[in-house]
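Coordinates in review
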Amino acid sequence: MLVPYSWLKEFVNLKKSAEAIASDISLSTIGVDGVSKQGREKVLNLDITYNRGDLLSIVGVAREIGALYNLKLKGEENPFSPPKDAEDLRIKIDLKLSPLYTLTRISGLSYKTTPKDIKKRLELSGMRPINLWADLTNYVMLEWGQPFHAFDAEKVARRDPNLSIQVRSAKKGETIKTLDGLNRMLLSGDIIIADKRGPIAIAGVMGGKDTEVDEGTTEILLEAAIFDPIQIRKTARRLGLRSEASGRFEHYISPENLLISLHKITQMYKFHGRGEVTGLGSVGETKTDREPVVLTQDKLDQVSGEHFGIDKARRFLKQLGFKVMSSEKGLLCWAPYWRGDISIPEDLVEEVLRLYGYENIAAQPLQTEVNVSSGGRLENWRDTVTRLLAGNGFNEVKTYSFVSTQSLTHLDTGKLQRIRNPISAETEYLRPSLVLSLMEVAQLNSPKFEKGKVFELEKIYPKTGEYFSLGAVLWGEKDLFRILKGYVEALFSEANLRVDFNPVKDGRLHPTKSTQITVEGEPIGVLGEIHPHLASSYGVEAAIFEINFEKFVELARDWKPFAPISLYAVVYEDFSFILTEDYPLRDLVE
């Protein structure tokens, strides 16, 4: 996420340079990919972790930096309060799809070009200015983390004079022409904003062309809502419409922050467009109800590894915005409304220690005995196989056990194991194979290394069960299939196994340069060059093998099968054969 340094300084009184702040926060909170200079402005490029959706805003980052330096946030956080004479707008929603939905009518708008300072900040943050109405919604979204969508109220009224807006699940076969001019086919489950005539927006993803705001808009209906994050992600991924807004909807959004953001944007519409709030519709919970999390001295000492004063912990938690009270059990801690990732005592200890500074925790020797164990047959073979592949020039990698968004486009989600409560959009499904994970490694490294050999030995999670799998990828060689086949044969030779190669149909592999790996008639894995459509998608031509490592260990022999020495001298003869194309060479050799 791109964060202009001057924008941060509006919310927290920073004295250090952008580079110094980037160094400090990278040790405690936020990954920093660098600080760039654009003109006279410095921009921090932040790498936000999945669980910290509250940091997807200028204010959220400012809060963290303020807590780190014990500085107060500037300005007031006022929730939206409509005028007493504002009309009640009719809204009908499914609370399972949208826990909170608000629609605000702003009338009497007078258009002008977007101010230069707003345009500049949007561009520094990686967004393209469009028009004043859209730019204001994007500006407040970047500042407070709450996405908005503006409908042209007059265009909505032409479709439905009663403005009977509802949030519902799409009906099979419904379509909508989105802002990019494309007609989109909707599926049951997609969340839509609709009137009596049909959809006017795909919730959290993109608005409809029929109700688009433009320079002639004088009245808008401004949407601010919280939607089901899982469904937003599914729809955005399926339609290829991932955006700044959908990315924020996929994380935690609080109702309190929504109302503060709504107050901010209505003030901006009034200041820049002379608009006045004339109507409001709101359905859903406007407050976050949370149970306290208890932090005891024992838990603090146990997790931190040293005696850490509970009073110091209280001070750090208060700096982070927690409400803290003492009790017989310990500290009762209520997370601030913007933090949706705090649920257990260990979360609190992490907050305390990162503010204290991990580098300030004294190193200590292990306090427990380490029992040396052989680890069993599987671990022994893991060591053997790892040494063999590393000795042949392979580098070992460890990739995530989840299916990335890119890989999901090549998989059927109905055949994947889904996490019941994923922490983010990127952790919803468990990988059924190592193939696509290794292709992502090849994609990332092939621009830097002309040739590469990489392997991974980790668990995979097919639809039923789980097991250890061994996979490897090779790129940059002239004859990828034959070279990788040689490594596979060496691997099975080490296990004193005779390996056979049989025809295979695998959509991930090249139709004529792939094979099934078989031992004693039992399929154990696949080998082949990547199918051209996958090679094109990942931008690298590669060969890959994957075997069921647990089956491999089960079949592996410590000794080669005994074969008696022949009683007769060896005689070599030459033969020539003419065979049909489908006759396996293996059968002839046997």
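Since the model is a prediction, treat every value here as computed from it, not as a measurement.

Within the protein chain one finds 19 helices and 27 strands. Its C-alpha atoms give the protein chain principal-axis dimensions of about 110 × 65 × 50 Å. Burial status across the protein chain gives 49% buried among its 590 residues. In the protein chain, of all internal contacts separated by at least 6 residues, the share reaching a separation of at least 24 is 70%. Of the roughly 30,700 Å² that the protein chain leaves accessible, carbon and sulfur atoms contribute 51%. Here the protein chain contributes 76 positively and 82 negatively charged side chains, and the mean placements of these two sets differ by 5 Å.

Turning to the packing of helix α11 (residues 310–319) against helix α12 (residues 345–356), a few remarks are in order. At a minimum axis separation of 9 Å, α11 and α12 run at an interaxial angle of 90 degrees. In terms of orientation, α11 lies roughly perpendicular with respect to α12. When α11 is examined against α12, the residues Lys 312, Ala 313, Phe 316, Leu 317 and Gln 319 are found in contact with a partner set consisting of Leu 348, Glu 351, Val 352, Leu 355 and Tyr 356. For the contact of α11 with α12, the per-class residue count stands at 7 nonpolar, 1 polar and 2 charged.

The next thing to look at is the sheet that holds strand β23 (residues 467–475). Backbone hydrogen bonds are what pair the strands of a sheet, in a parallel or an antiparallel way. A sheet is described by the order of its strands in space; here 7 strands give the open sequence β19-β22-β23-β27-β26-β25-β24, paired in mixed fashion. The open sheet has two edge strands with one neighbour each: β19 (395–396) and β24 (499–502). In the sheet, strand β26 (residues 522–530) pairs with strand β27 (residues 542–548) via 5 bridges, with the strands oriented antiparallel. Counted as the bridge partner of Gly 525 is Ile 547 from β27. Helix α16 (residues 480–494) rests against β22 (452–460), β23, β24, β25 (509–519), β26 and β27 of the sheet, and its axis sits at about 25 degrees to β27.

Our focus in this paragraph is the sheet that holds strand β1 (residues 2–4). Pairing is antiparallel across the open sheet formed by 3 strands, whose spatial order is β1-β3-β2. Strands at the two margins of the open sheet, each flanked by one partner only, are β1 and β2 (31–38). Ignoring strand direction, the axes of neighbouring strands in this sheet form an average angle of 25 degrees. As paired strands, β1 and strand β3 (residues 41–47) are joined by 3 bridges and run antiparallel to one another. Bridge pairing links Leu 2 to Asn 45 in β3.

Quick look at the nonpolar core now. If you look at the biggest cluster of nonpolar residues, it comprises 89 residues, and the most contacted ones within it are Tyr 101, Phe 151, Ile 193, Leu 222, Phe 227 and Tyr 269. With 8 residues, the single largest contributor to this core is helix α5 (residues 132–144). Residues in contact with Leu 222, not counting those within four places in the same chain, are Thr 102, Leu 103, Thr 104, Ile 106, Thr 137, Phe 148, His 149, Ala 150, Leu 262, Ile 265 and Tyr 269.

Moving on to unusual backbone geometry. A positive phi angle, near 50 degrees, is found at Leu 163, a position not held by glycine. Leu 163 sits in the buried class, given a relative accessible area of 15%. One non-glycine residue with positive phi stands out, namely Glu 520, at about 55 degrees. Inspection of the secondary structure assignment puts Glu 520 in the loop between β25 and β26. Judged by relative accessible area, Glu 520 falls into the exposed class, the value being 54%.

Turning our eyes to something else, we now look at the pairing of β27. Of all the 7 residues making up β27, 7 are buried; the element is thus mostly covered by neighbouring parts of the structure. Across 7 bridges, the pairing between β23 and β27 is antiparallel. Residue pairing across strands places Val 473 opposite Ile 544, the latter belonging to β27.

As enumerated under the stated definition, the model contains 39 salt bridges in all. Among the salt bridges present, the one from Glu 19 reaches Lys 42, with a minimum N-O distance of 3.0 Å. Of the two residues, Glu 19 sits in helix α2 (residues 18–28) while Lys 42 sits in strand β3, which places them 23 residues apart along the sequence. Judged by its relative accessible area of 28%, Lys 42 falls in the partly exposed class. For Glu 466, the salt bridge goes to Lys 459, with nearest N and O atoms at 2.7 Å. Of the residues examined, Glu 466 reaches a relative accessible area of 42% and is grouped as partly exposed. Note on Lys 459: relative accessible area 26%, which makes it partly exposed.

Moving on, we get to the packing of α5 against helix α9 (residues 255–273). Look at α5 against α9: their axes get within 10 Å of each other, and the N-to-C directions meet at 145 degrees. Once α5 is placed against α9, the crossing between them reads as right-handed. Along its contact with α5, which presents Leu 132, Trp 133, Leu 136, Thr 137, Tyr 139, Val 140, Glu 143 and Trp 144, the element α9 presents Asn 257, Ile 260, Ser 261, Lys 264, Ile 265, Met 268, Tyr 269, His 272 and Gly 273. Looking at the contact of α5 with α9 residue by residue, the classes come out as 10 nonpolar, 5 polar and 2 charged.

For the rest of this paragraph, the subject is α16. With 15 residues, α16 extends 22 Å between its outermost C-alpha atoms, agreeing within 8% with the 21 Å of an ideal straight helix rising 1.5 Å per residue. Among the residues making up α16, those that are buried are Leu 480, Phe 481, Leu 484, Tyr 487, Val 488, Leu 491 and Phe 492. One side of α16 holds all its buried residues, which, seen down the axis, span an arc of 135 degrees. Taken from the residues just after α16, Asn 496 is the one with a positive phi, measuring 55 degrees.

Centre distance and the angle of the planes are the two values used to describe a pair of aromatic rings. Applying the stated criterion across every chain yields a total of 14 aromatic pairs. Measuring from centroid to centroid gives 5.1 Å for Phe 394 and Tyr 487, while their planes differ by 85 degrees, and the two rings are edge-to-face. Placement of the pair is Phe 394 in the loop between α13 (376–391) and β19 and Tyr 487 in helix α16, with a sequence separation of 93 residues. Take Phe 394: its relative accessible area is 4%, and that puts it in the buried class. Ring pairs connect the aromatic residues Trp 381, Phe 492, Phe 549 and Phe 552, which therefore count as one cluster.

The next subject is the confidence of the model for the protein chain. In the predicted model, the protein chain carries a mean pLDDT of 92, and the fraction of residues at 70 or more is 99%. No element of the protein chain has a lower mean pLDDT than helix α19 (residues 585–589), which averages 78, and none a higher one than β27, which averages 97.

Right, let's get into a nonpolar patch on the surface. On the surface, Phe 575, Phe 577, Leu 579, Tyr 583, Leu 585, Leu 588 and Val 589 cluster together to form a nonpolar patch covering roughly 740 Å² of accessible area. By secondary structure assignment, the location of Leu 585 is in helix α19.

Turning our attention to the environment of Lys 264. Tracing the backbone through its elements, the reader meets Lys 264 in helix α9. Taking the C-alpha atoms as reference, Lys 264 lies 8.5 Å from Pro 79; in sequence the two are 185 residues apart. Setting aside residues no more than four positions away along its own chain, Lys 264 makes contact with Val 140, Glu 143 and Trp 144.

Cut-offs and rules
Residues numbered from 1 in each chain as written. Predicted model: local features only at pLDDT ≥ 70, side-chain atom pairs only at ≥ 80, totals over all residues. Heavy atoms only, no water. Helix = DSSP H or I, 4+ residues; strand = E, 2+ residues; numbered from the N terminus. Buried < 20%, exposed > 50% of the residue type's maximum accessible area, 1.4 Å probe, protein only. Contact = heavy atoms within 4.5 Å. Areas by Shrake-Rupley, 256 points an atom, 1.4 Å probe, with all protein chains shown as cover. Lys, Arg positive; Asp, Glu negative; His and termini not counted. Charge placed at Lys NZ, Arg CZ, Asp CG, Glu CD. Axes fitted to C-alpha atoms, helices over the stretch in contact; angles between N-to-C directions. Parallel < 35°, antiparallel > 145°, perpendicular 65-115°, else oblique. Nonpolar A, V, L, I, M, F, W, Y, C, P; charged D, E, K, R; others polar. Pairing = 2+ DSSP bridges. Core = buried A, V, L, I, M, F, W, Y, C linked by side-chain atoms within 4.5 Å. Salt bridge = Lys/Arg side-chain N within 4 Å of Asp/Glu carboxyl O. Left-handed = near helix turned anticlockwise from the far one by under 90°. Expected span 1.5 Å × (residues − 1). Arc of directions from axis to C-beta. Phe/Tyr/Trp six-rings, centres within 6.5 Å; stacked < 30°, edge-to-face > 60°. pLDDT = per-residue confidence, 0-100. Patch = residues over 30% accessible without salt bridge, like charges linked within 9 Å, V, L, I, M, F, W, Y side chains within 5 Å.

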